[in-house]
Amino acid sequence: MGKKVKKESETPCKETFEPLPVEGKTPATVVLLLSSPEEDILFKACEAIHTFAEKGDENKLSLLGLGALEPLCQLITHNNKLVRRNAFMALGTMATNGDVKNALKKIDVIPSIIDKLSLEEDTVVHEFATLCLASLSVDFICKVQIFDNKGLPPLILLLSSSDPDVKKNSLEIIFNLVQDQQSRLAVHKLVGIPPILELLKSDFPVIQHLALKTLQIITTDKDTRNTFRAEQGFEKLMDILSNTAFTDLHAEALQVVANCVSDSESLQLIHKDGGLTRLMEFVLTPSTPEVQFSAVKCIARVAESSENRKLLHEQNVEKVLVELLSVADIGIKTAACKAVSVMSFHLASKDCFRDLGGIPAVVQLLKNEDLALIEAVTQALSNLTHSNQLNAYAVHEAGGHEMLVQQLYASCPRTVANSAATLGNMARQEVIRCNILSHGAVQGLVEPMKSTDTQVLVNTTLCLEALVCDAEARAELQNAGGLHPLVSLLRSQHKEVLHNACLAINVCASDVPAAVEMCKLGALEMLQEINQSVNRRSSFSTLAMISLLNSNLSVKYSLTGHLASTDIITDGFYDTGKARAGQRILTLEELSKQPVNEHRPIIVVNTTIEEAEDVPEERQSNPSETETSSKGDRKTPRKKKEDDKQKDETQPESPTEKAWKMIDDDSLQILVKEVKESILRLSDEREQYAALARLVSEAMGGAVEMEKLHEFPWVLHLSELKFQLQSNIVPIGLISRGIYCHRAFLFKYLADCIGLSCTLVRGEYNRAWNEVLLFNGNISRNERSSQPCRYIVDLMHQPGSLLKASTPAAVQYQTFN
């Protein structure tokens, strides 16, 4: 028994079963058969799965759940041709389902699929392999895998396949791939343009549509456009556009043309073959909105070249575009506005649009609610009004200014930028500017100045600069809180934004309140920093700083230590001493709130009527006191007013109130009156300066010998004034013991009051002096050849002496010895 078993075990059985019919009645059974080692079973199992999957997505999902995907991915590389073909049929059919596609992305199957795209492979394999890749190629990662595994070369070859499904699938994959720049360039290098152009002749519309959509994308590349032109691409497109049987392809064909006509060479080629005339026909002839839209879009692209704009103008394109502004379709009107915008770069077209009534037609479109249309309309108006006063008037007459002001509040940054640009163009005309301002344009610009969009900021600041050229508009900007965002733009790193902000600040600085407010917001410090930067400084930033300083002489004197003869000191001027670079100069109100300190006092000028009206009795007594007082006893009424002021301040008041009351300077009013009565009567200018110098010296304690200067008690006097006034702010008229800096200050103010020309220059160690220009006595000032000489007025040692600048005496007066 054992022997027999041993014999049987050693002798293999040479007989096999007869072929058995395999019947799998459930998907699970068939999926299990995919693991069979027998090719016939594999062939039939794959076929059964393909048939089952074709019946719908529910079956595809069922097969996915049963685990059919992985064995199918292995079988597409099987040695048996029939097994491989049926496996591809099953896999390609299943891959059209979204869930199956997502599962496939996790399996590294793309290299295997691409490997079977060779021309030696069965056409059915090509069909379903490309069907599978078409599903996968919509995913970015899969697109990269197809490209990296060199999928483009075989796909381009398959565009010439005899099977239309293979062509369609291959073209669809290429279309998905060329959404990325690297694939677009690769298609051009792999000579993919000719086979794609050839597919335009296909009998299948779906292939023609795909070919046009692919060409539309790849012709965005310049080199591809050159190849497209060399391969007679325009001729093939014109064949389509001229064929009424291909009306469904016209819109997409026009979009390809739109890409290719931006250069003059291509346009000339189209024009030569009658393409431009055909293009105009598409625009004029009623057809589908999609075709008309594409034709107008194509015109806009053509007009991007200056040479092309001239050619289009010769074709009377303006008339066509104006007519399209009144069509019903929003998309066509939007495209027409964009074309108007581009054509407006041609000067003759700007006038043509106005003559044809195009401007009122464009303005009326602002009443529409479509955001894309409004953006296109505002862009067109911006270009139409740029450097064209007549068009600006036309927009104004059509009521465009009012609607454009409303668009400053729009949500679309492009619309806001365009509206601001148009209003800025229009505001160059005074009549229009007034009407723009009356509709609240200044307030409408405040919020856009806070935008993060560069173009919004560029256009808004430029518009603001044009609008705020009168005091009322500047006051409105300040009241609307617009100075703060304007000053903040000085921090911008964008060159044009910074330049425009400086220009607007320059205009706003014409008003002293606005200049003071901008200085308070740190404008000067920022401008100083800008002007110290090699990269950011410009003539605009310099101009803005000069304007700010000229409207805020207190700050100018503190920072620069110099006031020109044209800088006229008025009420509110104060001297805080020399400021450090980058240091913000506090306002008088801010300084008045500080507790009394040991630093030098702030010297202030104030003779305002409002202040004087608070003390009518004193004001009435001033003339008599002045008339009865000699120059020698002027200090008596001045001292009396100090005492009266101190008595008034015995009542409880806040520090701010005391500071502001202490600025009252009735004594200075008396001095001004005296100067006007005594100095203006003198006919000789030199004597006027000398007399004024003597008067100032007398008011400030008289002449002091150079050797006894250290004995002059000016420091103690000012300390006493600060203590008496309980303030760091001291009115200039109350100082009866003043040194160089105080005397020069007073001389400048009084000279400005009576129209005498002089400067105020700060030196070191409390030195300051005034420079005047005088002609030499033996030269008539009426002679053009004569030149004035610069003199320093002595107010301290020999009051009234005029020291010729640069002489030892003048240098000694200016420097501390």
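Residues numbered from 1 in each chain as written. Predicted model: local features only at pLDDT ≥ 70, side-chain atom pairs only at ≥ 80, totals over all residues. Heavy atoms only, no water.

1. Here we look at the overall build of the chain
- The number of helices and strands found in the chain is 50 helices and nine strands.
- Within the chain, contacts between residues at least 6 apart in sequence are counted, and of these 68% link residues at least 24 apart.
- Of the roughly 38200 Å² of accessible surface on the chain, a fraction of 52% belongs to carbon and sulfur atoms. (Helix = DSSP H or I, 4+ residues; strand = E, 2+ residues; numbered from the N terminus. Contact = heavy atoms within 4.5 Å. Areas by Shrake-Rupley, 256 points an atom, 1.4 Å probe, with all protein chains shown as cover.)

2. Some remarks on the pattern of salt bridges
- Counted according to the given criterion, the structure contains 23 salt bridges.
- In this structure, K450 engages E447 in a salt bridge whose closest nitrogen and oxygen atoms are separated by 3.5 Å.
- The class of K450 is partly exposed, set by a relative accessible area of 49%.
- Here the salt bridges share partners, and the residues they tie into one network are D575, R600 and R762. (Salt bridge = Lys/Arg side-chain N within 4 Å of Asp/Glu carboxyl O. Buried < 20%, exposed > 50% of the residue type's maximum accessible area, 1.4 Å probe, protein only.)

3. Let's talk about the side chain of R433
- With respect to the secondary-structure elements, R433 resides in helix 31 (residues 430-438).
- Buried charge without a partner: R433 forms no salt bridge, and the closest opposite charge is D470, 4.2 Å away.
- Once residues within four sequence positions are removed from consideration, R433 is found in contact with A427, R428, A466, L467, C469 and D470. (Lys, Arg positive; Asp, Glu negative; His and termini not counted.)

4. What to know about the sheet that holds strand 2 (residues 574-575)
- The sheet built from three strands is open, its strands ordered 2-3-4 with mixed pairing. Among the strands making up the open sheet, the edge pair consists of strand 2 and strand 4 (729-731).
- Both strand 2 and strand 3 (residues 602-604) contribute to a ladder of two bridges, which runs antiparallel. The partner of D575 across the bridge, within strand 3, is I603. (Pairing = 2+ DSSP bridges.)

5. As for the sheet that holds strand 9 (residues 802-804)
- The strand order across the open sheet built from three strands is 7-8-9, with neighbouring strands paired in antiparallel fashion. The open sheet has two edge strands, strand 7 (771-774) and strand 9, and neither has a second partner. Pairwise comparison of adjacent strand axes, ignoring direction, gives a mean angle of 45° for this sheet.
- Where strand 7 meets strand 8 (residues 789-793), four bridges bridge the pair, whose relative direction is antiparallel. Bridged to L773 within strand 8 is R790.
- Its contacts with the sheet put helix 47 (residues 685-699) on strand 7, strand 8 and strand 9, and the angle it makes with strand 7 is roughly 160°. (Axes fitted to C-alpha atoms, helices over the stretch in contact; angles between N-to-C directions.)

6. Details of the nonpolar core
- L72, L490 and L548 are the most contacted members of the largest nonpolar core, which has 186 residues in total.
- Among residues more than four places away in sequence, those in contact with L548 are I505, A509, A515, M518, C519, A523, L524 and L527.
- Grouped together as the second largest cluster of nonpolar side chains are 60 residues, I569, L692, I792 and V793 included. (Core = buried A, V, L, I, M, F, W, Y, C linked by side-chain atoms within 4.5 Å.)

7. Focus on unusual backbone geometry
- At Q232, a residue that is not glycine, the phi angle is positive and equals roughly 60°.
- Here Q232 lies in the loop between helix 16 (222-230) and helix 17 (233-241).
- Unusually for a residue other than glycine, S806 sits at a positive phi of about 75°.
- Of the residues examined, S806 reaches a relative accessible area of 63% and is grouped as exposed.

8. Let's talk about the pairing of strand 8
- For strand 8, the buried fraction is high: four of the five residues fall into the buried class.
- Note: strand 8 against strand 9, three bridges, orientation antiparallel. By the bridge assignment, Y791 is partnered in strand 9 with K804.

9. Thoughts on the confidence of the model for the chain
- When pLDDT is averaged along the chain, the result is 86; 87% of the residues meet or exceed 70.
- Counting interchain partners and residues more than four positions distant, the pLDDT-below-50 stretch residues 1-13 has zero contacts.
- Scored below 50 in pLDDT, residues 609-659 shows 59 contacts in the model against residues more than four places distant or in partner chains. (pLDDT = per-residue confidence, 0-100.)

10. What about the packing of aromatic side chains?
- Taken as a whole and judged by the stated rule, the model has four aromatic pairs.
- Geometrically, the ring pair formed by F573 and F745 is edge-to-face, given 5.3 Å between the ring centres and 70° between the ring planes. Residue F573 is found in the loop between strand 1 (562-563) and strand 2, and its partner F745 is found in helix 49 (residues 740-754); the two are separated by 172 residues along the sequence. Pair check on accessibility: F573 and F745 agree, each one buried.
- Between Y740 and Y813 the ring centres are 5.2 Å apart and the planes differ by 80°, which places this aromatic pair in the edge-to-face class. Pair noted here: Y740 is in helix 49 and Y813 is in helix 50 (residues 808-814), with a separation of 73 residues, a long-range link. Taken as a pair, Y740 and Y813 share a single burial class, namely buried.
- Connected via pairs of aromatic rings, a cluster forms that spans Y557, F573 and F745.
- Its end group placed over the ring of F175, K213 keeps NZ or CZ at 4.9 Å from the ring centre.
- In this arrangement the basic side chain of R686 is found over the ring face of Y791, its NZ or CZ atom lying 5.3 Å from the centre. (Phe/Tyr/Trp six-rings, centres within 6.5 Å; stacked < 30°, edge-to-face > 60°. Lys NZ or Arg CZ within 6 Å of the ring centre and 35° of its normal.)

11. Examining the packing of helix 7 (residues 98-105) against helix 9 (residues 123-136)
- Viewed as axis vectors pointing N to C, helix 7 and helix 9 meet at an angle of 90°, and their least axial separation amounts to 10 Å. Viewed along their axes, helix 7 and helix 9 adopt a mutual orientation that is roughly perpendicular. Here helix 7 contributes K101, L104 and K105 to the contact with helix 9, which in turn contributes C132, S135 and L136.
- Residues that form the contact of helix 7 with helix 9 fall into these classes: three nonpolar, one polar and two charged. (Parallel < 35°, antiparallel > 145°, perpendicular 65-115°, else oblique. Nonpolar A, V, L, I, M, F, W, Y, C, P; charged D, E, K, R; others polar.)

12. Concerning helix 16
- Turning to helix 16, its buried residues are T224, R225, F228 and R229. Here the buried residues of helix 16 occupy an arc of 140° about the axis, which is enough to place them on one side.
- You can read the cap of helix 16 off the contacts: a side-chain oxygen lies 3.4 Å from the backbone nitrogen of D223, and it is on D221.
- A positive backbone phi angle near 60° is found at Q232, which sits one or two residues after helix 16. (Arc of directions from axis to C-beta. Polar contact = N/O pair within 3.5 Å; in protein donor to acceptor, adjacent residues only side chain to side chain.)

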